[in-house]
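The chain contents come next:
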Amino acid sequence: DAGVTQSPTHLIKTRGQHVTLRCSPISGHKSVSWYQQVLGQGPQFIFQYYEKEERGRGNFPDRFSARQFPNYSSELNVNALLLGDSALYLCASSLLGPYEQYFGPGTRLTVT
Amino acid sequence: AQRVTQPEKLLSVFKGAPVELKCNYSYSGSPELFWYVQYSRQRLQLLLRHISRESIKGFTADLNKGETSFHLKKPFAQEEDSAMYYCALSGQGGKLIFGQGTELSVKP
C-alpha cells in the first residue's frame, strides 16, 4: 500500500480562482481529514469526513468545502482564492475518527 | 478553549545529551494527546500517543493532568532525531489540534 496519496503535488493559482485538491486514503480507511499548514505553523484542522458524511469542521470560511466519495477518496475545494490561502494542504486518513491518523505528503498551493 | 502550546520553536542539543520538548495543553475533559514527527522531506507521522504508554525510538511522554503538560523526552539524543516535532490534541468533533511545532537539531 502506497499510503495516503494526494494530487497534485504543487499548484499555482491566481487570486479569485478556484482549486480542487484530491486525496486517496489508505485501503480500508473510512475517515479522511483535511488540514492547512501555513509556513512556520502547525497544521490547522479544516474538515473531517467519515462514511461520506461531514463529522467535523474547523474555523474556515464557506469558501472551503469538501466531500467524500463512495470509495472513501476525498476532494477539498476552495473558491475565490486569496493570497492567504497559500499553504501546504494535508490529508490524513484513519480507520475511525482522529485515532492513528496517517498523513499524505501534502499539496503545496501558491496563490499569486 | 482547546489549545496546544509548544513554547520553543527551536531546540538545539549535542549528540548524547538529554532532550525535552515541551507541550502544554488547554482542554476541558479527558484529553487524547499525541506527538507527531516530520523528518526532512518526509510526511508527518505519528510518533506516540499517551494512552499506549509506549517508548518509540527511545522517546517517552507522560501526561501530567495537574500541569496540563505532555512533554516529550529522550535520555540520549541521536543525530537522526533531528526533525520537526508537533504535539497534538484530539478535540471535539474528531479534529486534531496541533501546536506550532519545535524544530529539534542534534549536533554531532
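These lines cover the structure that appears in this document, whether it is placed above or below. Quick caveat: nothing in here was measured; it's all calculated off a predicted structure. (Residues numbered from 1 in each chain as written. Chains lettered and ligands numbered in written order. Predicted model: local features only at pLDDT ≥ 70, side-chain atom pairs only at ≥ 80, totals over all residues. Heavy atoms only, no water.)

**Description of the packing of aromatic side chains**
For any two aromatic rings, the description comes down to two numbers: the centre-to-centre distance and the angle of the planes.
For step 1, the next point in the chain: This model, assessed by the stated rule, comprises 11 aromatic pairs over all chains.
For step 2, the next point in the chain: An angle of 45 degrees between the planes, with centres 5.6 Å apart, marks the rings of Phe 59 of chain B and Tyr 85 of chain B as tilted. With Phe 59 of chain B in the loop between β6 (45-49) and β7 (60-61) and Tyr 85 of chain B in strand β9 (residues 83-90), this pair connects stretches of sequence that are 26 residues apart. Both residues of the pair, Phe 59 of chain B and Tyr 85 of chain B, count as buried.
For step 3, the next point in the chain: Among the aromatic residues, those joined into a cluster by ring pairs are Tyr 35, Phe 45 and Phe 103 of chain A together with Phe 34, Tyr 36, Tyr 86 and Phe 98 of chain B. (Phe/Tyr/Trp six-rings, centres within 6.5 Å; stacked < 30°, edge-to-face > 60°. Helix = DSSP H or I, 4+ residues; strand = E, 2+ residues; numbered from the N terminus. Buried < 20%, exposed > 50% of the residue type's maximum accessible area, 1.4 Å probe, protein only.)

**Remarks on unusual backbone geometry**
For step 1, the next point in the chain: A cis amide bond links Ser 7 of chain A with the next residue in sequence, Pro 8 of chain A, at an omega value of -10 degrees.
For step 2, the next point in the chain: The topology assignment puts Pro 8 of chain A in the loop between β1 (5-7) and β2 (10-13).
For step 3, the next point in the chain: Of note, the phi angle at Ala 80 of chain A is positive, near 45 degrees, even though the residue is not glycine.
For step 4, the next point in the chain: Position of Ala 80 of chain A among the secondary structure elements: in the loop between β8 (74-78) and β9 (87-94).
For step 5, the next point in the chain: Judged by relative accessible area, which is 38%, Ala 80 of chain A ranks as partly exposed.
For step 6, the next point in the chain: With phi around 45 degrees, Thr 68 of chain B is a residue other than glycine that occupies positive phi space.
For step 7, the next point in the chain: Structurally, Thr 68 of chain B is set in the loop between β7 and β8 (72-74).
For step 8, the next point in the chain: Its relative accessible area of 30% is what places Thr 68 of chain B among the partly exposed residues.

**Details of the nonpolar core**
For step 1, the next point in the chain: Counting residues in each nonpolar core, the largest one holds 25 residues, and the members touching the most others are Trp 35, Leu 72 and Tyr 85 of chain B.
For step 2, the next point in the chain: Residue assignment for this core shows that the elements contributing at least two residues are β2 (10-14), β3 (19-21), β5 (32-38), β6, β9 and β11 (102-107) of chain B.
For step 3, the next point in the chain: Counting residues in hydrophobic clusters, the runner-up holds 22 residues, among them Val 4, Tyr 49, Ala 66 and Leu 81 of chain A. (Core = buried A, V, L, I, M, F, W, Y, C linked by side-chain atoms within 4.5 Å.)

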